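Here is how the chains run, residue by residue.
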Amino acid sequence: MADPSAPSHDFDLAYAEEDMGQVPGLFGRAPSSDGHGIVVTGECPRCHGRTATEYRHGAPGMGTKGLRSWLAGRQPAPDLARDGELLARETQFCECGHPHANLPQDAPFTGCGASWLIGEPAQGGAA
Ligand SMILES: [Zn+2]
Ligand SMILES: [Zn+2]
């Protein structure tokens, strides 16, 4: 599964809150394992670590990291097309899980500090 041409996770990169802008086409979206949310997975554009963020459809008492109110109560099952449009406007944060150097104690996510927008879902052949 590893692509030898892809850059590998840069563990030596120091934490920095850096806005990487829009990074289209690198991110996959899939229903979460319990069917109540969407998991966005991909590679951090800064440290190249694998990152996955789960967005849950709102349900009382199910507060988790990644909970986003915009999914709250709209519909019982994920709608990847519709949610994809919403996700396109949602800022993603690196959650590669590697405690990069200088990671603040209060950092919301364990990663390199990068944030980005995933943009619209990739349409076949779109640049
Ligand atoms: Zn990162
Ligand atoms: Zn990383």
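Not measured: the values here are computed from a predicted model. (Residues numbered from 1 in each chain as written. Chains lettered and ligands numbered in written order. Predicted model: local features only at pLDDT ≥ 70, side-chain atom pairs only at ≥ 80, totals over all residues.)

**Student:** Explanation requested: the sheet that holds strand 5 (residues 91–93) in the structure shown.
**Tutor:** Within a sheet, adjacent strands bond to each other through the backbone by hydrogen bonds, running parallel or antiparallel. Pairing is mixed across the open sheet formed by three strands, whose spatial order is 1-6-5. Among the strands making up the open sheet, the edge pair consists of strand 1 (18–22) and strand 5. Here the average twist between neighbouring strands, direction ignored, is 25°. Relative to strand 6 (residues 114–117), strand 1 runs parallel, the two being bridged by three bridges. Looking across to strand 6, one finds that glutamate 18 is bridged to alanine 114. (Pairing = 2+ DSSP bridges. Helix = DSSP H or I, 4+ residues; strand = E, 2+ residues; numbered from the N terminus. Axes fitted to C-alpha atoms, helices over the stretch in contact; angles between N-to-C directions.)

**Student:** Quick question: what am I supposed to make of the pairing of strand 6 here?
**Tutor:** When a strand is regular, its side chains alternate between the sheet's two faces. Burial along strand 6 is one-sided: the face carrying Ala114 and Trp116 is buried and the face carrying Ser115 and Leu117 is not. Bridge count for strand 5 against strand 6 is three bridges, and the pairing is antiparallel. Across the sheet, glutamine 92 pairs through a bridge with tryptophan 116, a residue of strand 6. (Buried ≥ 20, exposed ≤ 12 C-beta atoms within 10 Å, placed from the backbone.)

**Student:** What's the story with the sheet that holds strand 2 (residues 28–31) in this structure? I'm lost.
**Tutor:** Taken in spatial order, the three strands line up as 2-3-4 in an open sheet, and their pairing is antiparallel. Among the strands making up the open sheet, the edge pair consists of strand 2 and strand 4 (50–56). Each strand of the sheet is rotated relative to its neighbour by a mean of 20°, with strand direction disregarded. Of the pairings in the sheet, the one linking strand 3 (residues 37–43) to strand 4 comprises seven bridges and is antiparallel in character. Paired with isoleucine 38 across the bridge in strand 4 is tyrosine 55.

**Student:** Could you clarify how one ought to interpret the nonpolar core in this entry?
**Tutor:** Among soluble globular proteins, nonpolar side chains are generally buried collectively. Val40, Cys44, Cys47, Cys94, Cys112 and Ala114 are the most contacted members of the largest nonpolar core, which totals 16 residues. Looking at this core, the elements that each hand over two or more residues are strand 3 and strand 6. Those residues in contact with cysteine 112, other than ones at most four positions away along the chain, are Leu13, Tyr15, Cys44, Arg46, Cys47, Cys94, Cys96 and His100. (Core = buried A, V, L, I, M, F, W, Y, C linked by C-beta atoms within 7 Å. Contact = placed C-beta atoms within 7 Å.)

**Student:** What should I look at first to understand the environment of alanine 114 in this one?
**Tutor:** Here alanine 114 is to be found in strand 6. Placed 70 residues apart in sequence, alanine 114 and cysteine 44 show a C-alpha to C-alpha distance of 7.6 Å. If sequence neighbours within four positions are ignored, alanine 114 has contacts with Glu18, Met20, Cys44, Pro45, Arg46, Cys47 and Cys94.

**Student:** What is the right way to read unusual backbone geometry from this model?
**Tutor:** As a rule of thumb, non-glycine residues mostly have phi less than zero, and peptide bonds are mostly trans rather than cis. Located in the positive-phi region is histidine 48, a residue other than glycine, with phi close to 65°. Note that histidine 48 resides in the loop between strand 3 and strand 4. A tally of 18 C-beta atoms within 10 Å means that histidine 48 is categorised as partly exposed. Despite not being glycine, asparagine 102 has its phi angle at roughly 70°, a positive value. With respect to the helices, strands and loops of the structure, asparagine 102 is situated in the loop between strand 5 and strand 6.

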